[in-house]
Each structure stands twice: as C-alpha cells, then as structure tokens.
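Residue strings, one per chain:
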Amino acid sequence: MRNKLATQSLFELSAAGRRATTFPESDVGAGPLDELLPAEQLAESPPPLPELSEPTVVRHFVNLSTLNMSVDTHFYPLGSCTMKYNPKRHERLARFGGIGDLHPYAHPEDSQGMLAVLYDLQEMLAEIAGLPAVSLHPAAGAQGELTALLVAAAWFRDRGEERTKVLFPSSAHGTNPASAALAGFKTVQLNKSAGGLVDFDELVSQVDDSTAVFMITNPNTLGIFEKEIVRISQLLHDHGALVYIDGANMNANVGITRPGDFGGDMMHYNVHKTFTGPHGAGGPGAGPIAVRDFLADYLPAPVVQKTGEGYELATPSRSIGRMRSFFGNVGILLRGYFYLRTLGASGLKDVAEQAVLNANYLKAKLADVLPVPDGEWCLHEFVASAKRVKDERGITAMDIAKRLLDYGFHAPTVYFPLVVPEAMMIEPTETESMETLDCFAKAIRTIVTEDPEFLHSAPHTTPISRPDEVAAGRNPVFRWTPACDS
Ligand SMILES: Cc1ncc(COP(=O)(O)O)c(C=O)c1O
C-alpha cells in the first residue's frame with residue numbers, strides 16, 4: 001500500500017482537532033478585535049486550514065522531498081543537459097560570508113576581492129574559448145546566444161552592412177533559432193545531414209552576402225564532432241559572416257580544443273552544465289559569452305577591467321547596454337570559478353577525456369539493443385534509437401524512459417534531436433563510475449525484454465504515472481483548491 005503521507009496534500013491528511021502546537025486559552029477575550037475591525041469585515045468562520053499533528057507535517061515534507069530525482073540521489077543521464085555531480089565544496093565556498101553576503105550595490109572600492117575573482121574568471125573563460133573578450137552577464141545559455149547575436153547585429157550595423165539571415169543545422173537546439181528571431185534575424189534551417197554532420201554543399205548553397213551568422217554546436221547535438229568546422233568557418237568568413245559556437249557541449253572540448261581555434265567568432269558557455277553550477281528548473285544559470293577582439297567594444301556593460309592598483313567596472317565604448325541586472329548570476333559564476341581553480345588546466349582536460357570515455361563505454365554496452373544511427377564514435381554523449389525495439393516489440397523510447405524511473409534512474413532526453421527516430425539522448429558525464437554505467441545498461445537491457453503492455457503504463461512506482469506532459473508544462477497547477485471554492 002502506498003504511503004499516503006507523500007501522495008496526499010496536507011488538506012487531505014487533515015483530521016478535525018489535531019494540533020502540532022497547543023496554546024493556553026486566551027484570557028483577553030475577543031473584544032479588542034471587534035473594536036479594531038468593523039463587524040462586516042470579519043470572517044464568519046475560521047479559514048479551513050489543515051489540522052495536523054507535528055509528525056504528520058514533518059513526515060509529509062520529508063517524504064515529498066524524496067519523490068524528486070536529482071544528481072545527488074540518482075544517475076541522471078539527461079542528454080544535452082550535462083547533469084554532472086556538483087562538488088559540495090564549491091557550494092560552500094560560494095556561500096562564504098565575505099563572498100556570499102556581498103551586496104550587489106557595494107562600491108567597487110569595497111568589492112575589490114569579488115572583482116578580482118570575476119576578472120580572473122573572464123580571463124580563464126577567454127583562455128578556454130580561445131577568444132579574448134568575455135561578458136559574464138547572460139543568465140543562461142539561451143541569453144548568451146541572444147547577447148552575442150545582438151553584439152553581432154550592432155557590429156554589422158556599425159559597418160553599414162545589412163545582413164538579415166542566421167543559419168543553423170536541423171540538429172540545433174531550439175534556443176538557437178529562437179534567439180536569432182528575438183535578435184531580429186530571419187532564421188534559415190539547413191535540413192540535410194551527412195552522417196549526422198552539417199552538409200557542406202547545402203551550407204554553400206545557403207550562404208550569401210545577407211548571411212550574418214552561422215550558429216553551430218560542436219560537438220553537435222548528436223554528440224559528434226563537426227570535423228569540417230575549419231572549412232565551414234572559412235566559408236562563412238569568406239562571405240563576411242560570423243560563426244557562433246553554441247558552447248553547451250563544451251564538456252567534450254575543455255582543455256582539448258577551443259572554439260576560437262577552429263573558427264568560432266563568438267560562443268556561450270553554460271556554467272550550470274560544464275562548470276558545475278547547479279541546474280535549477282529554468283534557472284538560475286550563467287551563460288557567459290566570449291568573442292573575438294573586434295567585437296569586444298560591443299559587449300554588455302559593465303565588464304571588469306584591471307587598473308594599475310586594482311579592478312574597476314567599465315562600459316565598452318560601443319556597448320549594446322545591459323542584458324542583466326548587476327553583474328549576472330554571480331553565485332553561479334563563483335561556483336564555476338571554484339571548479340576551474342580546483343581542476344586547473346590539466347584537470348580540465350581529464351574532465352573532457354573521462355566524459356568522452358564514459359559516453360563511448362555506455363554506447364558500446366547498449367549498441368545491440370539501442371543502436372546509434374550516426375557516428376562510429378561519439379564525444380560526451382550519444383543519440384541512440386529505439387526504432388528497432390519499437391518495430392520488433394512495440395516498445396517506444398518513451399516506454400523505456402518511463403520504466404527507467406522504476407529502476408531508480410532519471411530518464412535520458414527522448415525524441416530530441418528530431419533527426420533520429422525514437423531518439424534517446426544519453427549523456428553519462430565524467431562524474432559517473434563504471435559500476436553505475438553497468439547498472440544502467442543492465443536496466444535498459446532488462447526493460448527491452450519486458451512485457452510491452454506493462455511498459456506502456458510505466459512507471460509503476462511513482463505517485464503519478466503518465467501525466468499529460470504538455471498540459472502539465474503549460475498549465476501547471478501548484479495550488480490546492482478546496483472543493484467548495486468555485
Ligand atoms: C545545445 C544547447 N544549446 C543551448 C542551450 C540553452 O541553454 P540554457 O538552458 O542555459 O538556456 C541548451 C540547453 O540545454 C543546449 O543543450
């Protein structure tokens with residue numbers, strides 16, 4: 001029998017007369033209230049609050065807290081999101097009094113330590129990107145994309161060039177075209193794929209003098225390195241356009257290869273992926289951008305500059321203005337800073353190598369049940385297809401994903417990217433052990449042998465099984481409504 005404490009609301013658990021705390025009888029009477037408030041303003045009866053004992057309340061909330069899945073409790077191979085373990089020491093360091101309590105309005109003279117840290121972070125991110133100028137402002141990867149595109153638009157405007165188009169491959173993350181549209185560009189999707197990679201000939205046919213930017217993720221959303229990236233960048237540059245590298249997948253590159261070296265002019269980081277800022281549902285994150293020197297004057301204000309004696313906040317001469325209040329999500333930036341300082345350059349290279357090794361290990365372990373249509377080797381993640389198991393046994397990617405919850409694993413990303421049928425995008429990250437990966441592979445291998453009917457109604461161990469996900473996402477109901485409330 002399921003534990004009601006975790007599945008029912010406190011209102012449903014209420015029992016008349018129960019109390020967590022008892023107060024002595026009031027000896028002041030009701031008189032003063034009547035005098036303070038006119039009678040017609042007073043409620044006729046007390047509000048229908050739940051009546052509960054203390055253990056019921058405590059158990060309810062503790063049980064609720066265990067219903068969610070998190071990186072701290074479960075393996076979380078959510079492809080594209082890089083749900084790696086966030087070391088606790090970075091959490092603690094980011095909360096140290098002198099750092100965590102600093103007021104965002106503190107005068108630069110009184111916050112030299114913080115400015116030194118942020119300046120160092122700018123420098124480290126520039127070095128890792130191979131691009132010299134950094135803005136720490138954007139609060140997420142998507143805002144980084146928008147910021148960089150606004151920077152590009154301002155640069156083209158100053159040059160008197162009217163460029164209207166932004167190109168991106170069909171495997172691009174949805175935020176790429178969304179950011180381009182928000183920045184005022186026309187979006188053009190490339191549809192062909194050469195083994196999961198950008199089709200160079202199609203790109204040639206689309207690039208012209210109205211192209212402003214080509215947005216590309218490398219390694220791409222299939223977890224494959226775009227090995228023609230130098231030729232691609234050259235093509236764009238020959239047409240006077242810029243190359244934007246979506247750095248969401250930098251976990252595979254850090255310490256090994258740099259966007260600036262393979263032709264990128266602008267990029268964003270997702271600190272909450274690559275550098276262990278915790279992901280919070282939709283935020284707060286940090287999506288700093290790095291750009292080439294000729295774009296530096298257009299970066300959002302302020303940037304941290306080094307002066308003779310210390311550090312100051314400065315506004316770049318052609319700045320696009322502010323993208324975010326204060327200095328971005330400093331709490332997340334700090335976690336990224338501590339992570340980078342802890343690892344150093346060689347540690348960072350280890351991260352990428354281990355992430356790639358883990359992904360290839362898992363890919364090989366699952367190859368006969370969930371084959372990967374594109375790419376012999378992957379980088380930090382791979383996109384497997386459940387099409388065969390669907391054709392043969394009627395088991396879908398969604399069935400496998402839902403059933404994994406019963407086995408104690410967070411599901412991989414499913415049905416994205418759209419270019420792979422029955423896609424399961426699996427990203428183990430470098431923080432997982434071989435034992436965990438073996439367990440996960442074993443669970444999937446077991447699931448694909450289970451009764452398809454049983455799988456269609458999985459998960460079977462969670463309080464709710466298959467909600468209408470679109471309705472739940474678009475119209476979430478967070479408030480309990482009493483039956484009598486019309
Ligand atoms: C490839 C890619 N680009 C961009 C983004 C957007 O990043 P954010 O969620 O930080 O806005 C994501 C997020 O998952 C991503 O995977």
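Residues numbered from 1 in each chain as written. Predicted model: local features only at pLDDT ≥ 70, side-chain atom pairs only at ≥ 80, totals over all residues. Heavy atoms only, no water.

What follows covers the site of the ligand. Inspection of the region around the ligand gives S80, A140, G141, A142, E145, H173, T175, D246, A248, N270, H272 and K273 as its neighbouring residues. Within the contact set of the ligand, an oxygen atom lies 3.0 Å away from a side-chain nitrogen or oxygen of N270. Between H272 and the ligand, the recorded distance is 2.7 Å, taken from a side-chain N or O atom to an oxygen atom. Secondary structure elements with two or more residues in the shell around the ligand: helix 8 (141-158) and helix 12 (271-274). (Near = heavy atom within 4 Å. Polar contact = N/O pair within 3.5 Å; in protein donor to acceptor, adjacent residues only side chain to side chain. Helix = DSSP H or I, 4+ residues; strand = E, 2+ residues; numbered from the N terminus.)

A separate point is the pattern of salt bridges. Tallied over the entire structure, the rule returns 23 salt bridges. Residues joined by salt bridges that share partners form a network here, namely E91, R95 and R335. (Salt bridge = Lys/Arg side-chain N within 4 Å of Asp/Glu carboxyl O.)

Turning our eyes to something else, we now look at the sheet that holds strand 13 (residues 413-414). The sheet built from three strands is open, its strands ordered 12-14-13 with antiparallel pairing. Both edges of this open sheet fall to strand 12 (382-385) and strand 13, since each of them pairs with a single strand only. Of the strand pairs in this sheet, strand 13 and strand 14 (residues 423-426) are connected by two bridges, and their pairing is antiparallel. Counterpart to V414 in the pairing with strand 14 is M424. Relative to strand 12, helix 13 (residues 330-366) is tilted by about 10 degrees, and along the sheet it contacts strand 12 and strand 14. Relative to strand 14, helix 15 (residues 397-406) is tilted by about 40 degrees, and along the sheet it contacts strand 13 and strand 14. (Pairing = 2+ DSSP bridges. Contact = heavy atoms within 4.5 Å. Axes fitted to C-alpha atoms, helices over the stretch in contact; angles between N-to-C directions.)

Time to look at the nonpolar core. Membership of the largest hydrophobic core comes to 54 residues, with the highest contact counts inside it found for L203, F214 and F275. Looking at this core, the elements that each hand over two or more residues are helix 7 (112-129), strand 3 (186-190), helix 10 (200-206), strand 6 (211-217), helix 11 (229-238), strand 7 (242-247), strand 8 (266-269) and helix 13. By residue number, the principal contributor to this core is helix 7, which donates 12 residues. When sequence neighbours within four positions are dropped, the list of residues in contact with F214 reads L167, F168, P169, L190, V198, L203, I232, L236, L242, V243 and Y244. Judged by nonpolar contacts, the second largest core, of 29 residues, contains A359, C378, V389 and L437. (Core = buried A, V, L, I, M, F, W, Y, C linked by side-chain atoms within 4.5 Å. Buried < 20%, exposed > 50% of the residue type's maximum accessible area, 1.4 Å probe, protein only.)

What follows deals with the environment of N329. Secondary-structure assignment places N329 in the loop between strand 11 (311-314) and helix 13. A relative accessible area of 13% places N329 in the buried class. In terms of polar contacts, N329 uses its side chain to reach the backbone carbonyl oxygen of G285, at 2.7 Å.

Turning next to the domain arrangement of the chain. Domain boundaries in the chain define domain 1 (4-62), domain 2 (88-342) and domain 3 (345-473). Each of domain 1 and domain 3 was reduced to a C-alpha centroid, and the two centroids are 47 Å apart. (Domains from an automatic or database assignment.)

This next bit is on unusual backbone geometry. Cis geometry marks the peptide bond from N218 to P219; its omega dihedral reads 0 degrees. Looking at where P219 falls in the secondary structure, it is placed in the loop between strand 6 and helix 11. At the junction of A458 and P459, the peptide bond is cis and its omega measures out at 5 degrees in the coordinates. In this model, T82 sits at a positive phi of 45 degrees, which is unusual for a non-glycine residue. Along the polypeptide, T82 turns up in the loop between helix 4 (54-65) and helix 5 (88-94). In this structure T82 comes out as buried when scored by relative accessible area, which is 1%. Its identity is not glycine, yet T276 carries a phi of approximately 60 degrees, on the positive side. Note on placement: T276 falls in the loop between helix 12 and strand 9 (289-291).

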